[in-house]
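Below are the chains, spelled out letter by letter.
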Amino acid sequence: MKSVDAHLADILATVRTLAPLELELERALGTTLAEEVSSPVPLPPFDNSAMDGYAVRAADVAAAPVSLPVIDDIAAGSGELRAIGQGHAVRIMTGAPLPAGADAVVPVEWTDGGTVTVRIDRPVREGNAVRRAGEDVQAGEVVLKPGTTIGAAQLGIIAGTGRRRVWVRPRPRVVVLSTGAELVEPGTQLGPGQIWDSNSFTLTAAVREAGGDGFRAGTVTDDPAAFLDQLDAQLVRADAVITSGGVSMGAYEPVKEALGPLGTVRFEKVAMQPGMPQGFGVVGDDQVPIFTLPGNPVSSYVSFQLFVRPALRKMRGLPAGPPITRSAHLLAPLHSPEGKRSFLRGVLADDGTVTPVRGQGSHQLAALALANCLIMVPEQVTEVPSGASVQVIRI
Ligand code: AMP
Ligand code: MG
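Residues numbered from 1 in each chain as written. Chains lettered and ligands numbered in written order. Predicted model: local features only at pLDDT ≥ 70, side-chain atom pairs only at ≥ 80, totals over all residues. Heavy atoms only, no water.

The protein appears in an unreviewed UniProt entry as Molybdopterin molybdenumtransferase from Nonomuraea roseola. Under the heading Pathway (unreviewed entry), UniProt records this for the protein: "Cofactor biosynthesis; molybdopterin biosynthesis." Taken directly from UniProt, the Cofactor (unreviewed entry) text for the protein runs: "Mg(2+)". (UniProt positions renumbered as here; feature names shortened; annotations may be inferred.)

A maximum bend of about 40° is found in helix α6 (residues 297-315) at Phe304. Burial runs high along α6: 16 of the 19 residues are buried. In the stretch just after α6, Gly317 is the one whose phi turns positive, near 80°. (Bend = angle between axes of the 7 residues up to and from the residue. Helix = DSSP H or I, 4+ residues; strand = E, 2+ residues; numbered from the N terminus. Buried < 20%, exposed > 50% of the residue type's maximum accessible area, 1.4 Å probe, protein only.)

On to the pattern of salt bridges, then. According to the stated counting rule, one finds 17 salt bridges in the structure shown. The network of salt bridges with common partners includes Glu22, Glu24, Glu26, Arg164 and Arg165. (Salt bridge = Lys/Arg side-chain N within 4 Å of Asp/Glu carboxyl O.)

Before going further, it helps to spend a moment on the site of ligand 1. Neighbouring residues of ligand 1: 16 residues in total, closest Glu182, Asp197, Ser198, Gly246 and Gly295. Here an oxygen atom of ligand 1 and a side-chain polar atom of Glu182 are 2.5 Å apart. The contact in question runs from an oxygen atom of ligand 1 to an N or O atom on the backbone of Gly246, over 2.9 Å. Taking a 2 Å distance to the grid points as the criterion, the majority of the atoms of ligand 1 fall inside the largest pocket. Elements with a contribution of two residues or more to the shell around ligand 1: β13 (173-179) and β15 (195-196). Of the residues that constitute the shell around ligand 1, the class distribution is 4 nonpolar, 10 polar and 2 charged. (Near = heavy atom within 4 Å. Polar contact = N/O pair within 3.5 Å; in protein donor to acceptor, adjacent residues only side chain to side chain. 1 Å grid on protein atoms, 1.4 Å probe; cavity = no way out; pocket = protein on both sides within 12 Å on 5 of 7 lines; lining within 4 Å. Sits in = over half its atoms within 2 Å of the grid points. Nonpolar A, V, L, I, M, F, W, Y, C, P; charged D, E, K, R; others polar.)

Under the local residue numbering, the UniProt record ascribes the feature "domain: MoaB/Mog" (unreviewed entry) to residues 175-314. Along residues 175-314 one finds 34% helix and 30% strand; the C-alpha atoms at either end are 17 Å apart.

The next point concerns the pairing of strand β28 (residues 389-394). Bridge count for strand β22 (residues 326-330) against β28 is 4 bridges, and the pairing is antiparallel. Its bridge partner lying in β28, Ala328 is registered against Val390. In the sheet, strand β26 (residues 373-377) pairs with β28 via 4 bridges, with the strands oriented antiparallel. Residue pairing for β28: Ile375 is matched across the bridge by Val392. (Pairing = 2+ DSSP bridges.)

So, about the pairing of strand β6 (residues 66-74). As judged from the 4 bridges shared by β6 and strand β9 (residues 117-120), these two strands associate in the antiparallel manner. Note on β9: the bridge partner recorded for Leu68 is Val118. Taken together, the 4 bridges between β6 and strand β7 (residues 89-92) define a ladder with parallel strand orientation. In the strand pairing of β7, Asp72 is matched with Val90.

Our next topic: the packing of helix α3 (residues 199-209) against α6. Remark: α3 packs on α6, axes separated minimally by 10 Å, with the N-to-C direction vectors making an angle of 25°. Our classification of the angle between α3 and α6 gives roughly parallel. Crossing handedness for the pair α3 and α6: right-handed. Each of Asn199, Thr202, Leu203, Ala206, Val207 and Glu209 in α3 lies in contact with α6, whose residues at this interface are Pro297, Ser300, Tyr301, Phe304, Arg309 and Leu312. (Axes fitted to C-alpha atoms, helices over the stretch in contact; angles between N-to-C directions. Parallel < 35°, antiparallel > 145°, perpendicular 65-115°, else oblique. Left-handed = near helix turned anticlockwise from the far one by under 90°. Contact = heavy atoms within 4.5 Å.)

This part takes up the packing of helix α1 (residues 4-14) against α6. Their axes nearest at 10 Å, the elements α1 and α6 cross at an angle of 30°. Comparing the axis directions of α1 and α6 gives the class roughly parallel. Pair α1 / α6 crosses with right-handed handedness. Where α1 abuts α6, its residues Val4, His7, Leu8, Ile11 and Leu12 lie against Leu306, Phe307, Pro310, Ala311 and Lys314. Looking at side-chain class alone, the contact of α1 with α6 contains 8 nonpolar, 1 polar and 1 charged residues.

Listed below in structure tokens is the structure:
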């Protein structure tokens, strides 16, 4: 059997980082920056007030309390400003440009709020409540480097430098297809022998959680020709495809039967539990990577975390490798099959203890939904006593 590490290594050696493209800022959330972003101007672009108050010369209020004539009123956005002379004050709002001649802002709270003359109760230091041009960013300074994941704050600074579009590696578009003659859509009645398709929802959501755009292409029956037709129709919009089901050892395994003869997808047994039957390869003229995951709901989810998530990171232009693990203190004994790496579902608590959930079958989706981590048991270990230190992967 192939090891988990060897399977991931094959996958990462095959998938390619997506080519950069230029996107409108509205579409750039969750993408990876593919250029250096710098500001063409200093930020803030001009000296301005950090508070609502009065722009003054600090020397003129050194003997506070003092009363000064208010010679102007400056709101944020004001363009034409008169310089202030000695002994004058100007009412000023937060973000409004500081008039020439002023060197400090007195907060309105330290005054009587007058609009013709103002009484100022306390002296201020030079520079008080003044935001200097370039204090955040100098003209030409790099604010973001390539490889940065664009979240809300990163989008903010890109817009803040005046950019409307940005070069990024996009979110991978991933089509998710469930196979199984027993599957029906949630929201419809179950007939005899039928179950509701859950995998396509789980996997599409997992793609989104992993920074991709998941498209749920629904379900296909166990007919290899129908599966190929559906796959063909979906390939045009896919950077990667995930299928579930139809890769085991039984009869009616449409994914294996349809893709096996192409020779570009390998079906293998990987030494893990759950999730032993795995397939990976490329399909179509564009050599789109395809992950053919086993059908059991927990198996496909665990396979996603171990293999698809790192592949999506590589496609996004991010460092990619095995899932990050941390150690935890196990609160119950565990069994694991010899020769396979186990990924048991557990609840990791804030105090660093981990408790396996009840229901470790690969069909037990309700138990998975209660878990927040996978407890890893190495291949050669078959018994783990309560109290042992284990490695866990957060999910
Ligand atoms: P398979 O890998 O196709 O042999 O399926 C293994 C098990 O997973 C069977 O019990 C299937 O009914 C179940 N299964 C397969 N696909 C799905 C799905 N999309 N949603 C829920 N269960 C599924
Ligand atoms: Mg099936």
